[in-house]
Amino acid sequence: AGSLKGRDFLSLKDFSREEIFYLLDLADDLKAKLKKREPHPLLAGKTLGMIFTKRSTRTRVSFEVGMYQLGGYPLFLTKDDLQLGRGETIADTARVLSRYLDGIMIRTYSHREVEELAEYASIPVINGLTDFLHPTQALADIMTIREWKGKLQGLNLTFIGDGNNVAHSLMYGGAKVGLNVTIACPSGYEPMPQVVEEARRIAAGNGCQIAVTNNIKEAAEGADILYTDVWASMGQEDEAEKRRQAFRKYQINSELLKLAKPDAMVLHCLPAHRGEEITDEVMDGPQSAVFDEAENRLHAHKAIMVALMG
Ligand code: CP
Ligand code: NVA
């Protein structure tokens, strides 16, 4: 897919099914090379700016290490370091950074700001999480599902919790690759209707379905994959207590896991609030793939960078 060169990676919605499978195959290939300790300096001499206005463990470390493994150079930039923090516009920041760098990865609050950065940058912009989407996460999640299950088409992925950025990207990504995605959330915390509609349209063309329900038991029954995320995302700290009440029953525990298929796998984008959305027993149990999933961020991110910036 030479067509990926120079593109932005803002949402999985923007990529065809074939392009997503190309990225998944490339990620598998880069993973195999790393395991064999085979050098793969596919981005030698290239630079990636990484702008963060929110915390990160996995995204930051995997992009930074990934760039190093590819022979390139990553720059970690917080908003406080950049003049962006003193009022320089996003457009001017994009124009200037495009003169130095070969790509930008950004994690911030507003999705619109990331779109604006991409609009004014002449280099690829990668969305490392916004309040709306988390597409690099979903790519690594799909990679992990395929690795554990050997296929994707027709599998049932049930997401338990908040209809948030992670849920949105799983809906878009799942719809593209043939997963039946069910979001089970408390009333009032549903995914955005626009995302549900768009994901349904995409799913219809790929032989799968998208569902939203408040009933977690029904949603867990027959699931191949149970997925969860924190009840309060970054930026929602003020709502934490209210959300703790609303989500009390929306937990992946042993009892819920029993309702899924016997060979169901469990995913969590991490960081986890153990004892809230997931119990220790499940997270540390044999059906948990959460640390494979975290590892696969590295391989998936390298695939994205190679495809866009190579
Ligand atoms: N899952 C994820 O994006 O983790 P970080 O917030 O640590 O990057
Ligand atoms: N929904 C979480 C995901 C963290 C990786 C958040 O936005 O904080």
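This structure is a prediction, so every number in the text was calculated from the model and none was measured.

Across the interface, helix 1 (residues 17–35) lies against helix 5 (residues 135–149) with an axial gap of 10 Å and an inter-helix angle of 70 degrees. Comparing the axis directions of helix 1 and helix 5 gives the class roughly perpendicular. Crossing hand, helix 1 versus helix 5: right-handed. When helix 1 is examined against helix 5, the residues L23, L24 and A27 are found in contact with a partner set consisting of L139, I142, M143 and R146. Here the contact of helix 1 with helix 5 is composed, by residue class, of six nonpolar, no polar and one charged.

On to the domain arrangement of the protein. Split into domains, the protein comes out as domain 1 (2–133 + 297–309) and domain 2 (137–293). If you average the C-alpha positions of domain 1 and of domain 2, the two centres end up 25 Å apart. Across the contact, 22 residues belong to domain 1 and 19 residues belong to domain 2. Taken together, the elements giving at least two residues each to the side of domain 1 that touches domain 2 come down to helix 1 and helix 12 (290–309). A per-element tally of the side of domain 1 that touches domain 2 places helix 1 first, with five residues. For the side of domain 1 that touches domain 2, a count of residues per class yields eleven nonpolar, four polar and seven charged.

In terms of nonpolar packing, the biggest core is built from 95 residues, with I104, I225, L226 and I304 touching the most fellow members. The dominant element in this core, judged by the number of residues it contributes, is helix 12, at nine residues. In this structure I225 touches I145, L155, L157, T158, A264, M265 and L267, once residues within four positions along its chain are discounted.

This part takes up the site of ligand 1. Around ligand 1, the surrounding shell consists of S56, T57, R58, T59, L129, Q137, C269, L270 and P271. Taken together, domain 1 (2–133 + 297–309) and domain 2 (137–293) each give at least three residues to the shell around ligand 1, which thus spans both.

A word on the pairing of strand 6 (residues 180–184). When you tally the buried positions in strand 6, you get five out of five residues, the bulk of the element. The alternating pattern of strand 6 places N180, T182 and A184 and V181 and I183 on opposite faces, both of which are buried. Of the strand pairs in this sheet, strand 5 (residues 156–160) and strand 6 are connected by five bridges, and their pairing is parallel. Opposite N156, over in strand 6, you have N180 as the bridge partner. You can see the chain leave strand 5, run along helix 6 (residues 165–177) and come back into strand 6, and the turn it takes is right-handed. Pairing between strand 6 and strand 7 (residues 210–213): four bridges, direction parallel.

The subject of this paragraph is the pairing of strand 5. Within a regular strand, the side chains alternate between the two sheet faces. Counting buried positions over the five residues of strand 5 gives five, a clear majority of the element. Side chains N156, T158 and I160 project from strand 5 onto one buried face, and the interleaved L157 and F159 project onto a second face that is buried too. Where strand 5 and strand 8 (residues 225–228) come together, four bridges link them in parallel fashion. The partner of L157 across the bridge, within strand 8, is I225.

A few words on the environment of E64. Considering the arrangement of structural elements, one finds E64 in helix 2 (residues 58–69). Here E64 falls in the partly exposed class, since 18 other C-beta atoms lie within 10 Å of it. C-alpha of E64 to C-alpha of M50: the two residues are 14 residues apart in sequence and 8.3 Å apart in space. Apart from the residues within four sequence positions on either side, E64 is in contact with M50, P74 and F76.

Another point: the sheet that holds strand 8. Strand order in the open sheet formed by five strands is 7-6-5-8-9, and the pairing between neighbours is parallel. Looking at which strands have only one partner, the edges of the open sheet turn out to be strand 7 and strand 9 (265–268). Within the sheet, the average angular offset between the axes of one strand and its neighbour, ignoring direction, is 20 degrees.

A word on unusual backbone geometry. Omega for the bond connecting L270 with P271 falls within 30 degrees of zero, at 5 degrees, which places this linkage in the cis form. One non-glycine residue with positive phi stands out, namely L129, at about 125 degrees. Looking at where L129 falls in the secondary structure, it is placed in the loop between strand 4 (125–127) and helix 5. The exposure class of L129 is buried, given the 27 C-beta atoms found within 10 Å. Locating L270 in the fold gives a position in the loop between strand 9 and helix 11 (280–283).

Cut-offs used in this document
- Each chain has its residues counted from 1, following the order in which its sequence is written.
- The lettering of chains begins at A and the numbering of ligands begins at 1, in the order of writing.
- Thresholds applied to this predicted model are a pLDDT of at least 70 for local features of residues and 80 or more for the giving and counting of side-chain atom pairs; totals over whole chains, interfaces and linings are not thresholded and use all residues.
- Where helices are involved, their axes are fitted lines through C-alpha atoms of the stretch in contact, as for all axes, and angles between N-to-C directions lie from 0 to 180°.
- Comment: elements are numbered from the N terminus, with helices defined as DSSP H or I runs of at least four residues and strands as E runs of at least two.
- Reported orientations rely on four angle classes, namely roughly parallel under 35 degrees, roughly antiparallel over 145, roughly perpendicular from 65 to 115, and oblique for the rest.
- Put simply, a crossing is left-handed when the front helix is turned counterclockwise from the back one by less than a right angle, and right-handed when it is turned clockwise.
- Residues are defined as contacting one another if the C-beta atoms placed from their backbone atoms lie within 7 Å.
- All residues other than Ala, Val, Leu, Ile, Met, Phe, Trp, Tyr, Cys, Pro, Asp, Glu, Lys and Arg, Gly among them, are scored as polar; the first ten of these are nonpolar and the last four charged.
- Domain limits in this description derive from either an automatic procedure or a database domain assignment.
- For the purposes of this analysis, a nonpolar core is taken to be any set of buried Ala, Val, Leu, Ile, Met, Phe, Trp, Tyr and Cys residues that are connected through C-beta atoms within 7 Å.
- Exposure criterion: with C-beta atoms placed from backbone coordinates, a residue whose C-beta has 20 or more other C-beta atoms within 10 Å is buried, one with 12 or fewer is exposed, and one in between is partly exposed.
- Residues are classed as near a molecule or strand if the C-beta position derived from their backbone is within 6 Å of it.
- Two strands qualify as a pair provided DSSP detects at least 2 bridges between them.
- Crossover handedness is defined by viewing with both strands directed away from the observer: a clockwise path from the first strand over the helix to the second marks the crossover as right-handed.

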